[in-house]
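Topology and contacts: notes
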Amino acid sequence: HSDVDVVVASLVPAYGCQRRTPLTNKNCIFTDALETLSKEASFCGSDGRSLAFIRAASVLRSLPSTLTTIEELNRLPGFGEHSKRVVQEILEDGFSAEVERVTQKEKYQTMKLFTNIFGVGMKTANRWYQEGLRSLGDLRNSQKLKLSKQQEAGLQHYEDLNMPVSRAEADLIAKMVEEVAHSFLPGTIITLAGGFRRGKLSGHDVDILITHAQEGREEGLLSKVIGQLQSQGLILYHDLKRNSYHDAFSPDSKSTSNMDHFERSFSIFRLKVASHIGDIGARDHSPESSKDWKAVRVDLVVTPISQYPYALLGWTGSKHFERELRRFSCNEKKMVLNSHALYDTVEVQVAISQS
Ligand code: 8DG
Ligand code: MN
Ligand code: MN
């Protein structure tokens, strides 16, 4: 390789948010392996180890070309012993024996299956695993299992929800939401955020931000929009949460969690799709093969215009980019960034001590 490669590689910045990352990943052979190990670590409750693998994968993702030698790797930031070993293994053998072993593990497979259910987190998945449950069938047939409404919907629509959502489908849903929102409040601004805003061609859900140029007009809009869509039979599941940002910044709520405080609904839409066999008269009760709709996960988030820039930044992702942006703000700028605001920690300390 040329001297240019050396210079470029040595210039990869340490924070993920400082790196320009191409849309197509040239290093998926390595990043897939590292992400498997990251998942496995998180399934074992080792969040630190999980994050270390994510960091390493994120660095490789940002490279404009495929990694070919271990020397290149040595010039990159963010690589610990373990991640290095895995990449070296793949460079030498074309695969990692350790990763192969992990993907064969019953616990890994089951945890992956269960955590892919909408509404099921690590704790629940692990409990079910400990109770001896192994498949979706086990969950569906279990008599004693207490599922939340969200999990019930997640299980019921598992197959649809684990099919990628296309850009065209996302645009359709944004348009549906926009039309209904405009019927209640002209001038409502609807923005497609998440992976689609980053230019991805498909995603696991549709993230939509809702705001209005006039502060406060957006309040109460979401329940009307959901109600209207529901009456049209377009909502399979929704859970409306009211906003909580009025109490979010009080000194005693030292919430360090990444959850934000907007009015929102994490919902499942029933999206009409062209039936592949073209039977026009297909209805709900028609056999599965001629189903003319698809369940799609939609996150709807309402923000007052004053917080919209932060919400847009926070909801565009990726998750790792956001984590890195917040880490950068805190460590390098001594400022707090979240989906609501960017502020100076020193000034807030002063304000709190004076109040
Ligand atoms: P994908 O759906 O195509 O798989 O990728 P994505 O669009 O990047 O992921 P996402 O899971 O839909 O998350 C999009 C962004 O939304 C992510 O960077 C973090 C942000 N986000 C918040 N608050 C919350 C929250 O409470 N829950 C979730 N799931 N995401 C949130 O700002
Ligand atoms: Mn998304
Ligand atoms: Mn989302």
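Here, every reference points to the structure presented above.
Residues numbered from 1 in each chain as written. Chains lettered and ligands numbered in written order. Predicted model: local features only at pLDDT ≥ 70, side-chain atom pairs only at ≥ 80, totals over all residues. Heavy atoms only, no water.

Looking only at helices and strands, the protein has 17 helices and ten strands in total. Taken across its 355 residues, the protein has 43% of its residues classed as buried. Put simply, of all contacts in the protein between residues at least 6 apart along the chain, 64% involve residues at least 24 apart. Total accessible area on the protein stands at roughly 19200 Å², and carbon and sulfur atoms take up 54% of it. (Helix = DSSP H or I, 4+ residues; strand = E, 2+ residues; numbered from the N terminus. Buried < 20%, exposed > 50% of the residue type's maximum accessible area, 1.4 Å probe, protein only. Contact = heavy atoms within 4.5 Å. Areas by Shrake-Rupley, 256 points an atom, 1.4 Å probe, with all protein chains shown as cover.)

Tallying each qualifying case throughout the model produces zero disulfides. Not part of a disulfide, Cys17 finds its nearest cysteine sulfur in Cys330, a span of 12 Å. Overall, Cys17 belongs to the buried group, its relative accessible area being 16%. (Disulfide = S-S within 2.5 Å.)

Protein coordination of the manganese ion (ligand 3) is provided by Asp205 (OD), Asp207 (OD) and Asp299 (OD), with donor distances spanning 2.1 to 2.3 Å. In primary sequence terms, the donor set of the manganese ion (ligand 3) follows D-x1-D-x91-D. In this structure, the manganese ion (ligand 3) lies 3.6 Å from the manganese ion (ligand 2), and both are coordinated by Asp205. Of this pair, Asp205 sits in the loop between strand 3 (202–203) and strand 4 (206–212) while Asp299 sits in strand 8 (residues 293–302), and the two are 94 residues apart along the sequence. Assessed through its relative accessible area of 6%, Asp205 is described here as buried. A relative accessible area of 6% means that Asp299 is categorised as buried. (Donors = N, O, S within 2.8 Å, 3.2 Å for Na, K, Ca; no water.)

Let us now look at the pattern of salt bridges. A side chain with one charge can pair with a side chain of the opposite charge if their charged atoms come near. Throughout the structure, instances matching the rule amount to 13 salt bridges. Residue Lys105 pairs with Glu40 through a salt bridge whose shortest N-O separation is 2.6 Å. Of the two residues, Lys105 sits in the loop between helix 6 (97–104) and helix 7 (106–115) while Glu40 sits in helix 2 (residues 28–43), which places them 65 residues apart along the sequence. Of the residues examined, Glu40 reaches a relative accessible area of 10% and is grouped as buried. A salt bridge links Arg297 to Asp299; its shortest N-O distance comes to 2.7 Å. The residues Arg297 and Asp299 share a single accessibility class, namely buried. When salt bridges with common partners are traced through the structure, they connect Arg55, Glu324 and Arg327 into a single cluster. (Salt bridge = Lys/Arg side-chain N within 4 Å of Asp/Glu carboxyl O.)

Taken N-terminus to C-terminus, the directions of helix 6 and helix 7 make an angle of 65 degrees; their axes are 5 Å apart at the nearest point. It follows that helix 6 is roughly perpendicular to helix 7 by the angle criterion. Along its contact with helix 6, which presents Val102, Thr103 and Gln104, the element helix 7 presents Glu106, Tyr108 and Gln109. In terms of residue class, the contact of helix 6 with helix 7 is made up of two nonpolar, three polar and one charged. (Axes fitted to C-alpha atoms, helices over the stretch in contact; angles between N-to-C directions. Parallel < 35°, antiparallel > 145°, perpendicular 65-115°, else oblique. Nonpolar A, V, L, I, M, F, W, Y, C, P; charged D, E, K, R; others polar.)

Looking now at the site of ligand 1. Taken together, 18 residues are adjacent to ligand 1, and Gly195, Arg198, His204, Asp205 and Lys319 come closest. Arg198 is positioned with one of its side-chain polar atoms (N or O) 2.8 Å from an oxygen atom of ligand 1. Between ligand 1 and Lys319 there is a distance of 2.8 Å, counted from an oxygen atom to a side-chain nitrogen or oxygen. Summarising the interface, the protein chains cover 83% of the accessible area of ligand 1, which totals 630 Å² for the free molecule. For the shell around ligand 1, the secondary structure elements donating two or more residues are helix 13 (194–197), helix 15 (308–316) and helix 16 (319–333). (Near = heavy atom within 4 Å. Polar contact = N/O pair within 3.5 Å; in protein donor to acceptor, adjacent residues only side chain to side chain.)

Now for the packing of aromatic side chains. The geometry of an aromatic ring pair is captured by the separation of the ring centres together with the interplanar angle, meaning the angle of the planes. Considering all chains together, one arrives at six aromatic pairs under this definition. On the numbers, 5.2 Å between centres and 85 degrees between planes, the contact of Tyr15 with Phe328 is edge-to-face. Remark: Phe328 occurs in helix 16 and Tyr15 occurs in the loop between helix 1 (3–10) and helix 2; sequence separation between them is 313 residues. For the ring pair Phe118 and Tyr237, a centre distance of 5.7 Å and an interplane angle of 80 degrees mean the geometry is edge-to-face. With Phe118 in the loop between helix 7 and helix 8 (122–130) and Tyr237 in strand 5 (residues 235–237), this residue pair connects regions lying 119 residues apart in the sequence. A relative accessible area of 12% places Tyr237 in the buried class. Between the NZ or CZ atom of Arg264 and the centre of the ring of Phe266, over which it lies, the distance is 4.0 Å. (Phe/Tyr/Trp six-rings, centres within 6.5 Å; stacked < 30°, edge-to-face > 60°. Lys NZ or Arg CZ within 6 Å of the ring centre and 35° of its normal.)

Once that is clear, we can look at the nonpolar core. Membership of the largest hydrophobic core comes to 36 residues, with the highest contact counts inside it found for Leu34, Leu60, Leu76, Phe79, Ile117 and Leu139. Among the secondary structure elements, those contributing two or more residues to this core are helix 2, helix 3 (47–61), helix 4 (70–74), helix 5 (81–93), helix 6, helix 7, helix 8 and helix 9 (136–141). Counting 28 residues, the second largest nonpolar core, distinct from the first, contains Ile190, Val206, Val225 and Phe269. (Core = buried A, V, L, I, M, F, W, Y, C linked by side-chain atoms within 4.5 Å.)

All right, on to the environment of Gln88 then. For Gln88, the position within the fold is in helix 5. Measuring from C-alpha to C-alpha, the distance between Gln88 and Thr68 comes to 9.9 Å, with 20 residues separating the pair along the chain.

The next subject is the environment of Leu113. Relative to the elements of secondary structure, Leu113 occurs in helix 7. It is 7.6 Å that separates the C-alpha atoms of Leu113 and Ser135, two residues lying 22 residues apart in sequence. What Leu113 contacts, discounting residues up to four positions off in sequence, is Arg134, Ser135, Leu136 and Tyr158.

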